[in-house]
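Residues per chain, in single letters:
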Amino acid sequence: MPKSRFHRSLLYWLAFGAFMCLIPLVASTGVVRLLIFANFLAIFAMSWDIISGRTGYISFGHPFLIGIAGYTTAILTRHLDAPLFVSIPLAVLATLVGGTLFFLPALRIRGTYFALVTLAFMELMYQLTQVIAPKITGGTRGLSGLKTIILGAVPNYYLTFCVMFAIAFCLWLITRTRIGTALAAIRMDEEAVTALGLSTLKLKLFAFGASAAVAGIGGALYVHYIGSIAPRALFDINFLFTILVAALLGGSGTIAGPILGAYFLTFLLEYLRPYLPGAERYFIYGAITLVVYVLEPRGLHSILERAYGKLSPIVARGLAK
Amino acid sequence: MTALLKLSGASKKFGGLVAVNDVSFGVEKGESLGLIGPNGAGKTTTFSILMGEHRPDSGSVEFRGRPITNVPTHRRVQLGIARTHQIPKPFGGMDVFENVRVGSMPDSIWRLIAEREPEHAEWEIMESVGFGEREARMLPGQLSMGELRKLELARTLATNPEILLLDEVFAGLTVGEIAQLTQLLLERKRQGMTYMIVSHDLRSLRPLVDRVIVMSFGSLIAEGEFDAVMADEAVREAYLGHARTEERGVVDGTA
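As the structure is a prediction and not an experimental result, all values here were calculated from the model.

Q: Please clarify how the overall build of chain B should be interpreted in this entry.
A: Scanning chain B from N- to C-terminus turns up 12 helices and 10 strands. The C-alpha radius of gyration computed for chain B amounts to 19 Å, which stays within 12% of the reference 18 Å derived for 255 residues, consistent with globular compactness. In terms of overall dimensions, chain B has C-alpha extents of about 60 × 40 × 35 Å along its principal axes. Within chain B, the proportion of its 255 residues that are buried is 53%. The contacts of chain B with a sequence gap of at least 6 include a subset with a gap of at least 24, amounting to 64%.

Pasting the structure below:
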């Protein structure tokens, strides 16, 4: 990436960060609370995109990774009274181990088969959390009354935004190096990558590890934000598809795309709620997703990029006059 | 003298089809070896065995005197063996320059993230195959078949191979492009690169190779200098069939 382009992108990141930091000063508490959920969704969508958007291994089992982190920290704090600064890192570590398990099918299969196996991972965990040691996991009801990190909408907003922003920025820095190109090459033709002397095993392991770590951070924080963990909500197919759609709608294979998609989806679903309080609103968001995907498969990020490309010369000419 | 790359008694079956049948040969360092034969003779499968893309049912592969039969493909490339494919396999979403850059990447996560390698080596390779600034920013979908072959070659050269296996490298190229590519390969040969070339274009192959081996129905049927091999009765029969051989009289490199 040429230096000028790098500096311009850096400027956009700073502007985005500064803008988002100012929002609680003008927005209502309701909007701030929505943004907290959008930040969590953005973290999960970025995590999904590292595996699926970059390497092309479509995961239908991301709640499995989020669940490992959530249950680890919930069990540690509830039953062992572990402090959060211990339970959250341990939860991320446990998710990394879980990510390795998740990676094993990718050694032999890809495409639809891989997606189905990952879906099985999610379903398996859903069943296990209810059947195996329900005294520890809370069974079908899960665990509630868990410790929270901080109280109040605004502090939680800043916490979740800072975490989301830090993850996004780190991922952006990493993916703009040659590893970003190598991961994209795997998505395009894995055999050709091998034929050029690169170990796709190593690259995929890196992508799965990074994805698991991000899912782990998001999952652990999420549990301590809402103060509970419930298997039915966590391993719900709607939750899974919200993550997928956020990444695809925003722009898969980019960093800004999943963030954009997460913010768009969260507000869309919320503003549809008064008109369509039930699950019907998922029809609307499904339809919008289909339309955007058919018109621009690279998502909202690409639409905005094109609009910016067309508008910026006009604005520049206007300013010059 | 130990062969740089050696195949010993290799066989490969796909179901009931014997694609490669007890084939043995070696390539000396600095040598250019042509591998010819009619369609379906087993040439590409032989390349795949040498690269580790197909595991032979029997037999072995050695590189610099060491067995590599069980070494995975990416490790063989790191050792110094690389191939081009009959059907080019570019990364469709990347421009030409990025495609070549993947070829020169180190196999280390840390180095891929932390190091910023200069780009001059890739530009040298790009120029050597006739790509300039304009082509560098083009997507593979915008290239002709000839340009795709050049991209495939450039990307493979970027892995810095000691021995290069070229599969139908002249197919789809214009006369001018073939001449340019021949010059490039001869220049690399002078610099010490070792080649194995599969080609149906015998006229283009002739100035490039020191020796040829001929395969038919998976078996090695002849080996030696180009003209001598072309005059071989078994080779003529494999290419044209018995009756046609009698009609045509001879198969040679100018046919």
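Q: Any chance you could explain the sheet that holds strand S10 (residues 219–224) of chain B here in plain terms?
A: The strands that make up a sheet pair up through hydrogen bonds in the backbone, lying either parallel or antiparallel. Residue and element names in this part refer to chain B. Pairing is mixed in the open sheet, where six strands are placed in the order S6-S7-S8-S3-S9-S10. Looking at the sheet topology across the chains shown, the edges are occupied by strand S6 (81–83) and S10. Averaged over all adjacent pairs, the angle separating strand axes in this sheet is 15 degrees, with direction ignored. Here S6 runs beside strand S7 (residues 163–167); their pairing, made up of three bridges, is parallel. If you follow Ile81 over to S7, its bridge partner there is Ile163.

Q: Explain the environment of B:Ser128 to me, please; I cannot follow it from the model alone.
A: All names here are of chain B. Relative to the helices and strands, Ser128 resides in helix H5 (residues 120–128). Classification of Ser128 by relative accessible area gives partly exposed; the value is 25%. Along the sequence, Ser128 and Leu184 sit 56 residues apart, while their C-alpha atoms lie 6.8 Å from each other. Ignoring anything within four residues of it in the chain, the contact list for Ser128 reads Leu184 and Arg188.

Q: Quick question: what am I supposed to make of the interface of chain A and chain B here?
A: One frequent convention defines the size of an interface as the accessible area lost when the parts assemble. In this assembly, 24 residues from chain A lie in contact with 29 residues from chain B. Taking both partners together, chain A and chain B bury about 2300 Å²; carbon and sulfur atoms supply 67% of that area. Looking at the side of chain A facing chain B, the largest losses of area belong to A:Arg178, A:Leu196 and A:Leu198, adding up to 34% of the total buried there. Between chain A and chain B we count two salt bridges in total. In this structure, A:Lys202 engages B:Asp107 in a salt bridge whose closest nitrogen and oxygen atoms are separated by 3.4 Å.

Q: It is not clear to me how the nonpolar core should be interpreted in this structure. Could you clarify?
A: Within soluble globular proteins, side chains that are nonpolar generally end up buried alongside one another. In terms of nonpolar packing, the biggest core is built from 101 residues, with A:Leu203 and A:Tyr263 touching the most fellow members. With 15 residues, the single largest contributor to this core is helix H2 (residues 29–55) of chain A. Sequence-distant contacts of A:Leu203, defined by excluding residues within four places in its chain, comprise A:Ile179, A:Ala182, A:Leu183, A:Ile186, A:Val193, A:Leu198, B:Ile109 and B:Leu112.

Q: Even after reading the chapter, I still don't get the pairing of strand S4 (residues 58–63) of chain B, so can you show me in this structure?
A: It is a general feature of regular strands that their side chains alternate between the two faces of the sheet. All names here are of chain B. Here five bridges tie strand S1 (residues 5–14) to S4, and the two strands are oriented antiparallel to one another. Bridge assignment links Lys6 to a residue of S4, and that residue is Glu62. Counted along the chain from S4 to the antiparallel partner strand S5 (residues 66–67), the turn is two residues long, and its residue Arg64 has a positive phi close to 50 degrees.

Q: What am I meant to see in the side chain of A:Thr137 here?
A: Looking at the element boundaries, A:Thr137 is found in helix H6 (residues 134–137). A polar contact is formed between the side chain of A:Thr137 and the backbone oxygen of A:Thr129, at a distance of 2.5 Å.

Q: Explain the environment of B:Val71 to me, please; I cannot follow it from the model alone.
A: Residue and element names in this part refer to chain B. In this fold, Val71 is placed in the loop between S5 and helix H2 (73–79). For the pair Val71 and Gly130, spaced 59 residues apart in sequence, the C-alpha separation works out to 34 Å. Setting aside residues no more than four positions away along its own chain, Val71 makes contact with Arg76 and Leu79.

Q: Please explain the sheet that holds S5(B) as it appears in this structure.
A: One open sheet holds the four strands; their spatial order is S2-S1-S4-S5 (chain B), and the pairing between them is antiparallel. With partners counted over all chains shown, the strands left at the sheet margins are strand S2 (17–27) and S5 of chain B, one partner each.

Q: Would you mind showing me how to read a nonpolar patch on the surface here?
A: Residues A:Phe85, A:Val86, A:Leu90, A:Leu93 and A:Leu96 make up a contiguous nonpolar surface patch of about 470 Å² in total accessible area. Along the polypeptide, A:Phe85 turns up in helix H4 (residues 84–103).

Q: When you look at H2(A) in this model, what are you seeing that I'm missing?
A: Because each turn of an α-helix spans 3.6 residues, side chains separated by three or four positions in sequence point in the same direction. Residues and elements named next belong to chain A. Between its terminal C-alpha atoms H2 stretches 38 Å, which fits the 39 Å expected from 27 residues at 1.5 Å a residue. Along its length, H2 reaches its greatest deviation from straightness, about 45 degrees, at Asp49. Just downstream of H2, Gly56 is the residue with a positive phi angle, here 85 degrees.

Q: Teacher, can you tell me more about the state of the cysteines here?
A: Each disulfide is one covalent bond, formed between the sulfur atoms of two cysteines. All names here are of chain A. Enumeration according to the criterion identifies zero disulfides over all chains in this entry. You can see Cys21 has no disulfide; the closest cysteine sulfur is in Cys162, sitting 5.9 Å from it. The class for Cys162 is partly exposed, based on a relative accessible area of 45%.

Q: Any chance you could explain the pairing of S7(B) here in plain terms?
A: Residue and element names in this part refer to chain B. By the criterion of burial, S7 is predominantly enclosed, with five of the five residues buried. Burial along S7 is two-sided: Ile163, Leu165 and Asp167 facing one way and Leu164 and Leu166 facing the other are all buried. With five bridges connecting them, S7 and strand S8 (residues 194–198) associate as parallel partners. Residue pairing across strands places Leu164 opposite Tyr195, the latter belonging to S8. Each parallel crossover has a hand, and for S7 linked through helix H8 (residues 175–190) to S8 it is right-handed.

Q: Hey, could you run me through empty space enclosed by the protein in this one?
A: Empty space among the atoms becomes apparent when a probe as large as a water molecule is rolled across them. Enumeration according to the criterion identifies two cavities of 30 Å³ or more in this entry. Of the voids in this model, the largest cavity is the one considered here, and its volume is about 50 Å³. Every residue lining the largest cavity is listed: A:Ala192, A:Ala195, A:Leu196, B:Arg83, B:His85, B:Glu152, B:Arg155 and B:Thr156. For the lining of the largest cavity, the secondary structure elements donating two or more residues are helix H9 (190–195) of chain A together with helix H7 (145–157) of chain B.

Q: When you look at the layout of surface pockets in this model, what are you seeing that I'm missing?
A: Residue and element names in this part refer to chain A. Approximately 760 Å³ is the volume attributed to the second largest pocket. When contributions to the lining of the second largest pocket are tallied by element, the ones reaching two or more residues are H2, helix H3 (62–79), helix H10 (200–226), strand S2 (228–229), helix H11 (231–234), helix H12 (237–250), helix H13 (256–272) and helix H14 (281–295). The leading source of residues in the lining of the second largest pocket is H2, at five residues.

Q: In this structure, what is going on with the packing of aromatic side chains? I would like to understand it.
A: Residues and elements named next belong to chain A. For the structure on display, the rule yields 28 aromatic pairs over all chains. Both rings, one in Tyr12 and one in Tyr308, keep their centres 6.1 Å apart while their planes meet at 85 degrees; by these two values the pair is edge-to-face. Taken together, the residues span a long stretch of sequence, with Tyr12 in helix H1 (residues 3–26) and Tyr308 in helix H15 (residues 299–320) at a distance of 296 residues. The partly exposed category is assigned to Tyr12, whose relative accessible area is 40%. Residue classification places Tyr308 among the partly exposed residues on the basis of a relative accessible area of 47%.

What counts as what
Note on numbering: residues in each chain are counted from 1, in written sequence order. To label them, take the chains in the order written and letter them from A, then take the ligands in the order written and number them from 1. Side-chain atom pairs in this predicted model are given and counted only at pLDDT of 80 or more, local residue features only at pLDDT of at least 70, and totals for whole chains, interfaces and linings cover all residues. Side-chain measures were taken over the full set of non-hydrogen atoms in the model, leaving aside hydrogen atoms and water. Only DSSP runs of H or I reaching four residues or more are called helices, and only runs of E reaching two or more are called strands; each is numbered from the N terminus. We compute the radius of gyration from the C-alpha atoms alone; for a globule the expected value is 2.2 Å times N to the 0.38, where N is the number of residues. Note on exposure labels: buried denotes an accessible area under 20% of the residue type's maximum, exposed denotes more than 50%, and partly exposed covers the range between, all computed with a 1.4 Å probe on protein chains only. Throughout, a contact is declared for two residues whenever any of their heavy atoms are within 4.5 Å. Strands qualify as paired when DSSP identifies two bridges or more between them. Only the contacting stretch of a helix is used when fitting its axis, a line to C-alpha atoms as for every element, and angles between N-to-C directions run 0 to 180 degrees. What gets called buried area is simply the loss in accessible area from a 1.4 Å probe that two parts show on being joined, summed for both. Any Lys or Arg side-chain nitrogen located within 4 Å of an Asp or Glu carboxyl oxygen qualifies as a salt bridge. The set of buried Ala, Val, Leu, Ile, Met, Phe, Trp, Tyr and Cys residues whose side-chain atoms join them within 4.5 Å is what this entry labels a nonpolar core. As used in this structure description, the phrase polar contact means that two N or O atoms lie within 3.5 Å; if the pair is within protein, one of them must be able to donate a hydrogen and the other to accept it, and residues adjacent in sequence are counted only when both atoms belong to side chains. Only residues whose relative accessible area exceeds 30% and that form no salt bridge enter a patch; like-charged residues are grouped when within 9 Å of one another, and nonpolar side chains (Val, Leu, Ile, Met, Phe, Trp, Tyr) when within 5 Å. Computed by Shrake-Rupley with a 1.4 Å probe, the accessible areas treat only the displayed protein chains as cover when residues are assessed. Each helix should span, by expectation, one fewer than its residue count multiplied by 1.5 Å. In this analysis the local bend is the angle between axes fitted, respectively, to the seven residues ending at and the seven residues starting at the residue. When two cysteine sulfur atoms lie within 2.5 Å, the pair is treated as a disulfide. By definition, the crossover connecting two strands over a helix is right-handed if that path, from the first strand to the second, turns clockwise as seen with the strands pointing away from the viewer. For each structure, a 1 Å grid was placed over the protein atoms alone; sets of points admitting a 1.4 Å probe that cannot get out are labelled cavities, open sets with protein on both sides within 12 Å along at least five of seven lines are labelled pockets, and lining residues have an atom within 4 Å of a point. Grid points are joined across faces, edges and corners, and a volume is the space filled by probe spheres set on the points. Aromatic rings from Phe, Tyr and Trp, taking only the six-membered ring of Trp, are treated as a pair when their centres fall within 6.5 Å; an angle between ring planes under 30 degrees marks them as stacked, one over 60 as edge-to-face, and anything in between as tilted.

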